There are 2 protein chains.
Amino acid sequence: MMKIAVLGTGMVGQALAGRLHELGHDVTVGTRDVAASLARMGQTPMGAPEFGSWYADHSEVAVATMPDAVADAELVVLATAGVASHAALELAGAASLSGTTILDISNPLDFSNGMPPSLAIVNTDSLGEHLQHAFPDAHVVKALNTVNANVMVHPAQLAGGDHTIFMAGNDEGAKQQVRELLESFGWRDILDLGDISAARGTEMYLPLWLRLFGTLQTPAFSIKVVR
Amino acid sequence: MMKIAVLGTGMVGQALAGRLHELGHDVTVGTRDVAASLARMGQTPMGAPEFGSWYADHSEVAVATMPDAVADAELVVLATAGVASHAALELAGAASLSGTTILDISNPLDFSNGMPPSLAIVNTDSLGEHLQHAFPDAHVVKALNTVNANVMVHPAQLAGGDHTIFMAGNDEGAKQQVRELLESFGWRDILDLGDISAARGTEMYLPLWLRLFGTLQTPAFSIKVVR
């Protein structure tokens, strides 16, 4: 069991924090402004609970500022919107992140020109690489960014878990830590694509994910690498 | 059975031309310079046969210039390198392509900065859209660009064909034509992602495909959309 900080209070942060607590970890959700996050009640436009409403049912999870959440965390889950990822880690503090595994779930989606979003970082760079470069002493592992929040933490809901999740990162120890976490969620086919530059591949899959979402009319899907 | 022009003499063109002939279609391979293509013997650096060597075993397929190949074709398979796609259609002639279905398999891979290639068109545009815009009277259908040449035409070799191929295009009749062709190859899960702008999704999957190729050490793989 680990001390885990989950940065981000949205759908992905809620799913991860809830599941990690359920699995017995000591979970703290990190947010920019604790009082403001707890005060947000009701539902988001996407139909997910606002953080305050979610927290009313999950008060066994701690909530803290970004620096307090990561201070003694053994693993940090980066579950912010992609455009906020760098700022969240900056707030948390580079010193606290030194030697720490960062499970980066975020995608560099840019909604500023409406739907569908484009990718703010693309092609010859990726958000995963950008974060690893900005926080060189942390161990960034890109994973889980290719599926919906609910599929991330309950993969067995689809085809009994017979589908694939990807992993990319420069540190073998950190990847082993993430692999064990993914296995505890129920993932069985965990494909290590190599160093963090493979995040280009999994992030650039997002436009296909978005079209599949539109076609299938549900985010409850995943891909299996058939070989 | 249809009159089909396959533009491109590389691995993809060879695979498509051979398989379409085998299925009883009247196939003509279109190339910029017939004599030069037929004179290329031996193997490419990737280990595929050069066109002249391939043709020695497939002389039942016709070879012609681009305009001659498409002149009375009912369907055109665009199997050139992505950087050459526009020029190939230009050479073939916009007038001949009017009302014709173009099965666009090409990917906008840019190898000019070495490996891995980046995408020359990306994010808010795609090669499929670019071609549809440049040849507005043709019916561009993007498909098959997410798998290796051999998997394209023999999908049953993997998991008995239990994996997914994508399709995108603006014309329903052209998509129906392509769907029937894909079914004749053995594809069973053909996902229509909507209009040609969905080509952004399938083209931007290429960086992930390239990483999977590196990790699996074989191009004999595909993805199944599990839902």
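Above this text you will find the structure in question.
Reading guide: rules and limits
Residues numbered from 1 in each chain as written. Chains lettered and ligands numbered in written order. Predicted model: local features only at pLDDT ≥ 70, side-chain atom pairs only at ≥ 80, totals over all residues. Heavy atoms only, no water. Pairing = 2+ DSSP bridges. Helix = DSSP H or I, 4+ residues; strand = E, 2+ residues; numbered from the N terminus. Axes fitted to C-alpha atoms, helices over the stretch in contact; angles between N-to-C directions. Contact = heavy atoms within 4.5 Å. Parallel < 35°, antiparallel > 145°, perpendicular 65-115°, else oblique. Left-handed = near helix turned anticlockwise from the far one by under 90°. Nonpolar A, V, L, I, M, F, W, Y, C, P; charged D, E, K, R; others polar. Buried area = accessible area lost by both parts, 1.4 Å probe. Salt bridge = Lys/Arg side-chain N within 4 Å of Asp/Glu carboxyl O. Polar contact = N/O pair within 3.5 Å; in protein donor to acceptor, adjacent residues only side chain to side chain. Buried < 20%, exposed > 50% of the residue type's maximum accessible area, 1.4 Å probe, protein only.

Asks: Please explain the sheet that holds strand β10 (residues 189-192) of chain B as it appears in this structure.
Replies: Neighbouring strands of a sheet are bound in pairs by backbone hydrogen bonds; such pairs are parallel or else antiparallel. Residues and elements named next belong to chain B. As summarised here, the arrangement of the eight strands in space is β3-β2-β1-β4-β5-β8-β9-β10, forming an open sheet in which the pairing is mixed. Of all the strands in the sheet, the pair left with one neighbour each is β3 (62-65) and β10. Direction aside, the axes of adjacent strands within the sheet are offset by 25° on average. Two strands pair when backbone bridges link them, and strand β2 (residues 26-31) and β3 are joined in this way by four bridges, in the parallel orientation. Each bridged residue has a counterpart across the sheet, and for Val29 the counterpart in β3 is Val63. Against the sheet, helix α1 (residues 11-22) touches β1 (3-7), β2 and β4 (75-78), its axis set at about 165° to β1.

Asks: Got a minute to help me understand the packing of helix α5 (residues 85-92) of chain A against helix α7 (residues 127-134) of chain A in this structure?
Replies: All names here are of chain A. Here α5 crosses α7 at 25°, and the two axes come no closer than 10 Å. Classified by the interaxial angle, the pair formed by α5 and α7 is roughly parallel. Two packed elements cross with a definite hand, and for α5 against α7 that hand is right-handed. Residue-level inspection shows Ser85, His86 and Leu89 of α5 in contact with α7, the latter providing Leu127, His130, Leu131 and Ala134. Residues that form the contact of α5 with α7 fall into these classes: four nonpolar, three polar and no charged.

Asks: Please explain the interface of chain A and chain B as it appears in this structure.
Replies: A common measure of how large an interface is: the accessible area buried when the components associate. Contact residues are listed per partner, giving 36 residues for chain A and 36 residues for chain B. Taking both sides of the interface into account, the surface hidden between chain A and chain B amounts to around 2,800 Å²; carbon and sulfur atoms contribute 70%. For the chain A face of the interface with chain B, the top three residues by lost area are Leu208, Arg211 and Val226 of chain A, together amounting to 24%. Where chain A packs against chain B, one counts two salt bridges. Linking Asp195 of chain B and Arg211 of chain A is a salt bridge whose minimum nitrogen-to-oxygen distance equals 3.6 Å. Across the chain A-chain B interface, the total number found is nine residue pairs in polar contact (both at pLDDT 80 or more). Mapped onto the side of chain A that touches chain B, the elements with two or more residues apiece are β7 (118-119), β10 (189-192), α10 (199-203), α11 (206-216) and β11 (222-226) of chain A. A per-element tally of the side of chain A that touches chain B places α11 of chain A first, with six residues.

Asks: How should the pairing of strand β5 (residues 101-104) of chain B be read in this particular structure?
Replies: On a regular strand, each side chain points to the face opposite its neighbour's, so the side chains alternate between the two faces of the sheet. All names here are of chain B. Covered by surrounding structure in β5 are Thr101 and Leu103 together with Ile102 and Asp104, the residues of both alternating faces. By the bridge criterion, four bridges tie β4 to β5 in an arrangement that is parallel. Considered in β5, the bridge of Val77 is made with Leu103. Pairing between β5 and strand β8 (residues 139-143): four bridges, direction parallel. Along β8, the bridge assignment pairs Leu103 with Val141.

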